[in-house]
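# Examination of the molecular architecture
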Amino acid sequence: MLNSPDAVATPDNTADIATHANEIARIAADAARGYFRGTLGVEFKADESPVTQADKGVEAVVRQYLADKFPDDGIFGEEQGFEGLDRQNVWIVDPIDGTRSFLSGHPLFGFLLGYLTDGVPRLGVIGMPALNEVLIGMKDQGATLNGKPVSVSGTCRLSDAVLFVNEGDKIYRDHPALFDRLMTSGQTRRFAYDCYPHALLAMGHVDAVIDYDLQPYDYLPVTAVVEAAGGIMSDWDGKPLDLNSDGRVISAATPQLHAELLELVNG
């Protein structure tokens, strides 16, 4: 077994992969903090989403690490696209999850990293650089926050749940009837964006998250963390998430709560 990220991981050993994932999260956090609340050059993609020097810089250092330590694996990053996506083992990277938060000085931006084997998430990382938090979830091995085990709540009824609605403005625009239903659901509800509500669910603070218009690098790393913590994450039809999912996502603490959310979103 590897004891240092200076060595190359054995692809079939998830614990070794986790050692490297933790080191990557540290490197990415250091890089992101070097840009945070500084002067950023901002560009806009074709879909009008912003990209900053930080997005590009963080992804560059992560890609370099992966190229050095895992030269036979594929990489799928938000900013630089994919290399070797048809390989058995693929890393998926979102360097700054929440660029709009980042460029506005809001500390709830994240760093996402996933490790897929045959398209199935085996490991996920949700790093919160400004909060000094790193969640790592390993398939069938549980989830940790800064090295300490975490797990989802046991909430089974939506009427008792803390519900987060991510991308609420987009849901209101595209699905107004669902938005109205969401506004009367849950014991407590909050609006948010990006990965942190799902992280809070994995920690047991939040019971459910409805999310919308995501990309694989947004949801696949998060899926690994939520499911390792004992939760359920699917698309709005209840299907497992993969590289071809449509970006409509439900996270829930329990099967009963997940079933209620599926009924809610499908009206």
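Everything in this summary refers to the structure shown in the same document.

The rules we used
Residues numbered from 1 in each chain as written. Predicted model: local features only at pLDDT ≥ 70, side-chain atom pairs only at ≥ 80, totals over all residues. Heavy atoms only, no water. Helix = DSSP H or I, 4+ residues; strand = E, 2+ residues; numbered from the N terminus. Buried < 20%, exposed > 50% of the residue type's maximum accessible area, 1.4 Å probe, protein only. Contact = heavy atoms within 4.5 Å. 1 Å grid on protein atoms, 1.4 Å probe; cavity = no way out; pocket = protein on both sides within 12 Å on 5 of 7 lines; lining within 4 Å. Points joined across faces, edges and corners; volume = space filled by probe spheres on them. Nonpolar A, V, L, I, M, F, W, Y, C, P; charged D, E, K, R; others polar.

## As for the environment of Gly105
Here Gly105 is to be found in the loop between α3 (99–103) and β6 (110–117). The class for Gly105 is buried, based on a relative accessible area of 16%. With 77 residues separating them along the chain, Gly105 and Leu182 place their C-alpha atoms 29 Å apart. Non-local contacts of Gly105, meaning those with residues more than four positions away in its chain, are made with Phe36 and Arg37.

## Notes on helix α6 (residues 196–203)
Burial analysis of α6 places eight of its eight residues in the buried class, the great majority of the element. Tyr196, Pro197, His198, Ala199, Leu200, Leu201, Ala202 and Met203 are the residues of α6 that are buried. At the exit of α6 stands Gly204, carrying a positive phi of roughly 95°.

## What about the layout of surface pockets?
Taken as a whole, the second largest pocket spans an internal volume of roughly 250 Å³. Taken together, 17 residues line the second largest pocket, and the ones lying closest to its centre are Val120, Pro121, Lys139, Thr223 and Glu227. Elements supplying a minimum of two residues to the lining of the second largest pocket: β7 (120–128), α7 (216–228) and β14 (232–235). Sort the elements by how many residues they give to the lining of the second largest pocket and α7 lands first, with four residues. Here the lining of the second largest pocket is built from residues that sort into eight nonpolar, four polar and five charged.

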